Amino acid sequence: QQQVRQSPQSLTVWEGETAILNCSYEDSTFDYFPWYWQFPRESPALLIAIRPVSNKKEDGRFTIFFNKREKKLSLHITDSQPGDSATYFCAAHTGGLSGKLTFGEGTQVTVIS
Amino acid sequence: EAAVTQSPRSKVAVTGGKVTLSCHQTNNHDYMYWYRQDTGHGLRLIHYSYVADSTEKGDIPDGYKASRPSQENFSLILELASLSQTAVYFCASKGDQDTQYFGPGTRLLVL
């Protein structure tokens, strides 16, 4: 079963607009939620992350909004730039010995100028 | 600079052959992971290790073995490669913090 779901699959926005990417999860024991971005033919790289003790995390133009009760989070990209065009993955961390990440299927974002 | 490197970067293998993918990290991290990524999809965990000489099964371990001979090195072994194992394979490492750092990936094509 897919424990981390992302929507939409793809998103196109104009330069300067705000892109909103959604993520939901099932396992309430997940304790850390990183977002990774991946450019074509490159490896995923950490963009921004949040822990359930917070409901918002901001880093420049990127903001995570977190709703623990609904098990949902979203990534907002304000003032989108063409260089933000990438695939964005929401992931959820399992604590304990494994420390593993469960990834969503990704949202492909295209910013057009 | 801390780094995760993988070799080879790409490989063409024949069905039924043995394939070994290697990963080396200089992060001094205890945790290492192997993921596969299929075109247009997210990453799925194959095997992981939190200490040398020990490996654990991830979410999709069937058809794969792993080896962790040292803290720095972690290998993924396909004893009998199959067409369905064509994918990009990423290695990652993690220290005390929860962030995983990924290597550049290995593109594997099984014919």
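Anyway, here's the lowdown on the structure attached to this text.

### As for the layout of surface pockets
Approximately 790 Å³ is the volume found for the largest pocket. Lining the largest pocket are 33 residues, and of these Gln38 of chain A together with Gln37, Asp38, Thr39 and Gly40 of chain B sit closest to its centre. Looking at the lining of the largest pocket, the elements with two or more residues in it are β9 (86-93) and β11 (107-112) of chain A together with β9 (87-94) and β11 (106-110) of chain B.

### Quick look at a nonpolar patch on the surface
All names here are of chain B. On the surface, Val12, Leu109 and Leu111 cluster together into a nonpolar patch covering about 290 Å² of accessible area. Topologically, Val12 is positioned in strand β2 (residues 10-13). A relative accessible area of 54% means that Val12 is categorised as exposed.

### Topic: the state of the cysteines
Within this structure, the stated rule accounts for two disulfides over all chains. Between the sulfur atoms of Cys23 of chain A and its disulfide mate Cys90 of chain A the distance is 2.0 Å. Across the S-S bond of Cys23 of chain A and Cys90 of chain A the torsion is about -70°, and the bridge reads as left-handed. Taken as a pair, Cys23 of chain A in strand β3 (residues 19-25) and Cys90 of chain A in strand β9 lie far apart in primary sequence, 67 residues in all. For Cys90 of chain A, a relative accessible area of 0% puts it in the buried group. A sulfur-sulfur distance of 1.9 Å marks the disulfide that ties Cys23 of chain B to Cys91 of chain B. The disulfide joining Cys23 of chain B to Cys91 of chain B has a torsion of about -80° about its S-S bond and is therefore left-handed. Here Cys23 of chain B, found in strand β3 (residues 19-25), pairs with Cys91 of chain B, found in strand β9; they are 68 residues apart in sequence, far enough to count as distant.

### Remarks on the environment of Gln71 of chain B
All names here are of chain B. Of note, Gln71 is situated in the loop between β7 (65-67) and β8 (73-78). Taking C-alpha positions, Gln71 is 20 Å from Thr106, a pair spaced 35 residues apart along the chain. Discounting chain neighbours no more than four positions away, the residues touching Gln71 are Gln25, Asn28, His29, Asp30, Met32 and Ala52. A polar side-chain atom of Gln71 sits 3.5 Å from a polar atom in the side chain of Asn28.

### As for the nonpolar core
The biggest cluster of nonpolar side chains holds 26 residues, and the ones touching the most others in it are Leu21, Phe33, Trp35, Phe62, Leu73, Leu75 and Tyr88 of chain A. Contributions of two or more residues to this core are made by β2 (10-14), β3, β4 (33-38), β5 (45-50), β7 (62-67), β8 (72-77), β9 and β11 of chain A. Residues in contact with Leu73 of chain A, not counting those within four places in the same chain, are Leu21, Asn22, Cys23, Tyr25, Phe33, Trp35, Ile50, Ile64, Phe65, Phe66 and Cys90 of chain A. By size, the runner-up hydrophobic cluster in this structure holds 19 residues, among which are Val4, Trp34, Ala81 and Tyr89 of chain B.

### Comments concerning the sheet that holds strand β1 (residues 4-7) of chain A
Residue and element names in this part refer to chain A. The strand order across the open sheet formed by five strands is β1-β3-β8-β7-β6, and the pairing between neighbours is antiparallel. Each having just a single partner strand, β1 and β6 (56-59) make up the two edges of the open sheet. For this sheet, the mean angle separating the axes of adjacent strands, direction not counted, is 15°. Note: β6 against β7, four bridges, orientation antiparallel. Pairing of Lys56 across the sheet is with Phe65, part of β7.

What counts, and where the lines are drawn
Residues numbered from 1 in each chain as written. Chains lettered and ligands numbered in written order. Predicted model: local features only at pLDDT ≥ 70, side-chain atom pairs only at ≥ 80, totals over all residues. Heavy atoms only, no water. 1 Å grid on protein atoms, 1.4 Å probe; cavity = no way out; pocket = protein on both sides within 12 Å on 5 of 7 lines; lining within 4 Å. Points joined across faces, edges and corners; volume = space filled by probe spheres on them. Helix = DSSP H or I, 4+ residues; strand = E, 2+ residues; numbered from the N terminus. Patch = residues over 30% accessible without salt bridge, like charges linked within 9 Å, V, L, I, M, F, W, Y side chains within 5 Å. Areas by Shrake-Rupley, 256 points an atom, 1.4 Å probe, with all protein chains shown as cover. Salt bridge = Lys/Arg side-chain N within 4 Å of Asp/Glu carboxyl O. Buried < 20%, exposed > 50% of the residue type's maximum accessible area, 1.4 Å probe, protein only. Disulfide = S-S within 2.5 Å. Contact = heavy atoms within 4.5 Å. Polar contact = N/O pair within 3.5 Å; in protein donor to acceptor, adjacent residues only side chain to side chain. Core = buried A, V, L, I, M, F, W, Y, C linked by side-chain atoms within 4.5 Å. Pairing = 2+ DSSP bridges. Axes fitted to C-alpha atoms, helices over the stretch in contact; angles between N-to-C directions.

It is worth stressing that arrangement in space is one thing and function is another; only the former is reported here.
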